[in-house]
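Report on the structure
Take a look at the letters that make up each chain.
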Amino acid sequence: MWSGANRAAEEFYAGLLQKFDEEKKGICKGPFIYEADVQVQLISKGQPNPLKNILHENETMFIVEKVPLEKEEPSHVEELPSEETAISDLSTSENVGLLALPVGRARQLIGFYTMAHNPNMTHLKINRPVAALPPLWVRCDGSDPEGISWLGAELLSTSSSVTGVVLYMVTCRVDKNYSVNLEDLKKSHKKRHHLSTLTASGFARYELFKSTALDDIVAASQTTITLDISWSPVDEILQTPPLSSTAALNIKVESGEPRGPLSQLHRELKFLLVLADGLRTGVTEWPESLEAKSAVELVQEFLNELNNLNEFGDSTKKDTEIVKNDAAAVDGSIECLLTVRGDLDFAEQLWCKMSSSVISYQDLVKCFTLVIQSLQHGDIQPWLHSGSRSLLSKLIHQSYHGAMDTVSLSGTVPVQMLLEIGLDKLKKDYICFFIGQELASLNHLEYFISPSVDTQEQVHRVQKLHHILEIVVSCMLFIKPQHELLFSLTQSCIKYYEQNPLDEQHIFQLPVRPTAVKDLYQNEKPQKWRVEINSGQKKVKTVWQLSDSPPVDHLNFHRPDFSELTLNGSLEERISFTNMVTCSQVHFK
């Protein structure tokens, strides 16, 4: 019996050590299999971590779980799901329980890990001194009376040797009527660790905004804004964080919210990306027209209007007023934060008309042919902003003197011409917003608006600038922060995107004073509330947490019957999840 356990510990440690060494050398072979039923992955710092909702740490660790079952081939004849099946699927994850191990098997693996690192186990065939490995965490199926969902082990060590191990146990359950007392948690911690002094630190997360689906077809965006607050000491369970706490906003925004005030501008950006992709790949996926009239008809009417008017400024004013009314219709309950500029020049107005109506390359050629012919005949002498380097701007300036270069509207030239005027228009839109709101200067925006890089890179940078705008406007709408906070947020986003590619999944964190956001959380229920009790040793702790979503992704929690729900209620509002983290120390010497 003991020889079998010794051999198993040796083999398990050898597999862990090999995986750790491969990771350090940059060799990625995926999880390794141990005894056919267990797989082990090494999660590096910064990678998605299945324990993030429990440990709130982001360090390297081994994740041990059951080898997934092979998926069965789907039947060629698929039955339509019944109403009962459809409802059942809402409360059962597709992969629930597949990766979790029985608690007995998990304890065995934790034992192998502990044995291998124990310097007193000299009979094991392991090189000494033993190499200290990262913490080991095992998924558990929660089938035991305590409902254990994770077991973990983390080494205690000095600079020269491993001196012990901290063993963790995580339990999780659905608890509608939870009853826990802070003093009881403290007494339990003191008794378990034989300590006389301790501290209790609190953490609360409030969901300030989360986008919802428009309907069954249009999915919700991934936009979320949460507020994290930390404090110490904690006076009672579910204590409202005091104003002396440390707080930070977590902001993740997905561009293109169809109900938002930036939907029109985002549509223009998407069309710009279509043109850029067309130039890069040679294939342009033209979008559907948003206009009742064709692009050629709209451009011809625009040119006729310019030809008949004595003052170009009247045309600008008329077009701007129309677009402003359209923008205001996006959401009548709020004041539109980004109105169309009142100084759109000829090229920008042309972009507005063509970007919403061009549906083919032929449309593009015909529209620019009309414009060039009007310039050649002297029918129009349009006004332009200074500083544009576009081909159309060059032709317009030449038309002032009655001599224009001959332009062949073939190949990629028409696409490039429209892309150039779109870039100029959007850059100026963003400049006007950030400078007008006193959130940035031209120097701050230089990286995003510089024409000194190639066209594709300019488009990429404008896309990043649009995401910054979406982030700022989302905060203005849903948090209504002070200008100082908005300025700091804008500068933080600018610095990030000067060094990183576009990433709409990135969570921007912004420290805030609780006094500045107290109205957003003091009368609200937290999405997550946690107390951590420790005695000055980081690894020795007791944690109790309440949340409105499962902190463990591999267990199938029993949920209330759907009949309990009201039309205005939701399942999440009816239930709470509690999880507890306890630990014990084992010293080898």
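So, how was this worked out
Residues numbered from 1 in each chain as written. Predicted model: local features only at pLDDT ≥ 70, side-chain atom pairs only at ≥ 80, totals over all residues. Heavy atoms only, no water. UniProt positions renumbered as here; feature names shortened; annotations may be inferred. Buried < 20%, exposed > 50% of the residue type's maximum accessible area, 1.4 Å probe, protein only. Helix = DSSP H or I, 4+ residues; strand = E, 2+ residues; numbered from the N terminus. Polar contact = N/O pair within 3.5 Å; in protein donor to acceptor, adjacent residues only side chain to side chain. Contact = heavy atoms within 4.5 Å. Salt bridge = Lys/Arg side-chain N within 4 Å of Asp/Glu carboxyl O. Pairing = 2+ DSSP bridges. pLDDT = per-residue confidence, 0-100. Phe/Tyr/Trp six-rings, centres within 6.5 Å; stacked < 30°, edge-to-face > 60°. Axes fitted to C-alpha atoms, helices over the stretch in contact; angles between N-to-C directions. Parallel < 35°, antiparallel > 145°, perpendicular 65-115°, else oblique. Nonpolar A, V, L, I, M, F, W, Y, C, P; charged D, E, K, R; others polar. Expected span 1.5 Å × (residues − 1). Arc of directions from axis to C-beta.

As named in an unreviewed UniProt entry, the protein chain is Protein zwilch, taken from Rangifer tarandus platyrhynchus. As its UniProt record puts it under Subcellular location (unreviewed entry), the protein chain is described as follows: "Chromosome, Centromere, Kinetochore". According to the UniProt record, the Subunit (unreviewed entry) comment for the protein chain is "Component of the RZZ complex."

Concerning helix 8 (residues 346-355)
Helix 8 sits mainly inside the fold: 9 of its 10 residues count as buried. Turning to helix 8, its buried residues are Phe346, Ala347, Glu348, Gln349, Leu350, Trp351, Cys352, Met354 and Ser355. N-cap assignment for helix 8: the residue whose side-chain oxygen lies 3.2 Å from the backbone N of Ala347 is Asp345.

Some remarks on the side chain of Thr490
Positionally, Thr490 belongs in helix 14 (residues 483-499). On the basis of relative accessibility, which here comes to 0%, the residue Thr490 falls in the buried class. When sequence neighbours within four positions are dropped, the list of residues in contact with Thr490 reads Phe434, Leu439 and Val472.

Some thoughts on the pattern of salt bridges
Tallied over the entire structure, the rule returns 12 salt bridges. Note that Arg280 and Asp277 form a salt bridge whose closest N and O atoms lie 2.9 Å from each other. Placement of the pair is Arg280 and Asp277 together in helix 5 (residues 263-281), with a separation of 3 residues, close to one helical turn. Judged by relative accessible area, Asp277 falls into the partly exposed class, the value being 34%. Among the salt bridges present, the one from Glu457 reaches Arg461, with a minimum N-O distance of 2.9 Å. Residue Glu457 and its partner Arg461 are both found in helix 13 (residues 455-478); the two are separated by 4 residues, about one turn of the helix. Accessibility expressed as a relative area gives 24% for Glu457, which makes it partly exposed. Bridged by salt links that share partners, the residues Glu35, Asp37 and Arg105 form one connected network.

Notes on the pairing of strand 9 (residues 246-252)
For a regular strand, side chains alternate in direction, first toward one face of the sheet and then toward the other. Among the 7 residues in strand 9, 6 count as buried, and that is most of the element. By the bridge criterion, 7 bridges tie strand 8 (residues 224-231) to strand 9 in an arrangement that is antiparallel. Pairing of Thr226 across the sheet is with Asn250, part of strand 9. Relative to strand 10 (residues 508-512), strand 9 runs antiparallel, the two sharing 5 bridges. Paired with Ala247 across the two strands is Val512, which belongs to strand 10.

Observations regarding the confidence of the model for the protein chain
With 84% of its residues at a pLDDT of at least 70, the protein chain reaches an overall mean of 84. Confidence drops under a pLDDT of 50 for residues 72-97, and excluding neighbours within four residues, the segment shows 11 contacts in the predicted structure. Segment residues 310-337: pLDDT under 50, and 40 contacts once partners within four positions in sequence are set aside and those in other chains are kept.

Brief notes about unusual backbone geometry
At the junction of Ser232 and Pro233, the peptide bond is cis and its omega measures out at 5° in the coordinates. Positive phi, normally seen in glycine, also occurs at Leu238, with a value near 60°. Examined against the element boundaries, Leu238 turns out to sit in the loop between strand 8 and strand 9. Look at Glu438: it is not a glycine, yet its phi comes out positive at around 55°. By secondary structure assignment, the location of Glu438 is in the loop between helix 11 (413-436) and helix 12 (442-449).

A few points about the environment of Val407
Along the chain, Val407 falls in the loop between helix 10 (391-399) and helix 11. Through-space distance from the C-alpha of Val407 to that of Ile372 is 8.8 Å; in sequence the pair is 35 residues apart. With residues near it in sequence (within four places) discarded, Val407 still touches Leu391, Leu395 and Val413.

Considering the side chain of Arg461
The buried category is assigned to Arg461, whose relative accessible area is 13%. Side chain to side chain, Arg461 and Glu457 meet in a polar contact 2.9 Å long. In contact with Arg461, not counting residues within four places along its chain, are Tyr447, Phe448 and Val453.

Remarks on the packing of aromatic side chains
Both the distance between ring centres and the angle between the ring planes are used here to describe each pair of aromatic rings. Counted under the stated rule, the structure contains 16 aromatic pairs. Linked through ring pairs, Phe12, Tyr34 and Phe112 together constitute an aromatic cluster.

Let's talk about the pairing of strand 12 (residues 541-547)
Strand 12 sits mainly inside the fold: 7 of its 7 residues count as buried. Residues Lys541, Val543, Gln545 and Ser547 line one face of strand 12 and the alternating positions Thr542, Trp544 and Leu546 line the opposite face, and both faces are buried. Taken together, the 7 bridges between strand 11 (residues 528-534) and strand 12 define a ladder with antiparallel strand orientation. Directly across from Glu532, in strand 12, lies its bridge partner Val543. Looking at chain direction, strand 12 and strand 13 (residues 577-587) are connected through 5 bridges and run antiparallel. Residue Ser547 lies in a different strand from strand 13, and its bridge partner there is Phe577.

Re the packing of helix 8 against helix 11
At a minimum axis distance of 9 Å, the contact between helix 8 and helix 11 shows a crossing angle of 110°. Comparing their axes, helix 11 and helix 8 come out roughly perpendicular. Touching Ala347, Glu348, Leu350, Trp351, Cys352 and Met354 of helix 8 are Leu418, Ile421, Gly422, Asp424, Lys425 and Lys428, all from helix 11. Across the contact of helix 8 with helix 11, the residue classes tally to 7 nonpolar, 1 polar and 4 charged.

Details of helix 6 (residues 295-308)
Relative to the 20 Å expected for 14 residues at 1.5 Å per residue, helix 6 spans 20 Å between its end C-alpha atoms, a close match to the ideal helical length. Every buried residue belonging to helix 6 is among Ala295, Leu298, Val299, Phe302, Leu303 and Leu306, and all of these are buried. End-on, the buried residues of helix 6 take up no more than an arc of 130°, which puts them together on one face.

Side note on the environment of Val180
One can find Val180 in the loop between strand 6 (162-174) and helix 4 (182-193). Since its relative accessible area comes to 28%, Val180 is described here as partly exposed. Sequence-wise, Val180 and Ile237 are 57 residues apart; in three dimensions their C-alpha atoms are separated by 7.6 Å. Val180 has contacts with Leu185, Ile237 and Trp544, leaving out every residue within four places of it along the chain.

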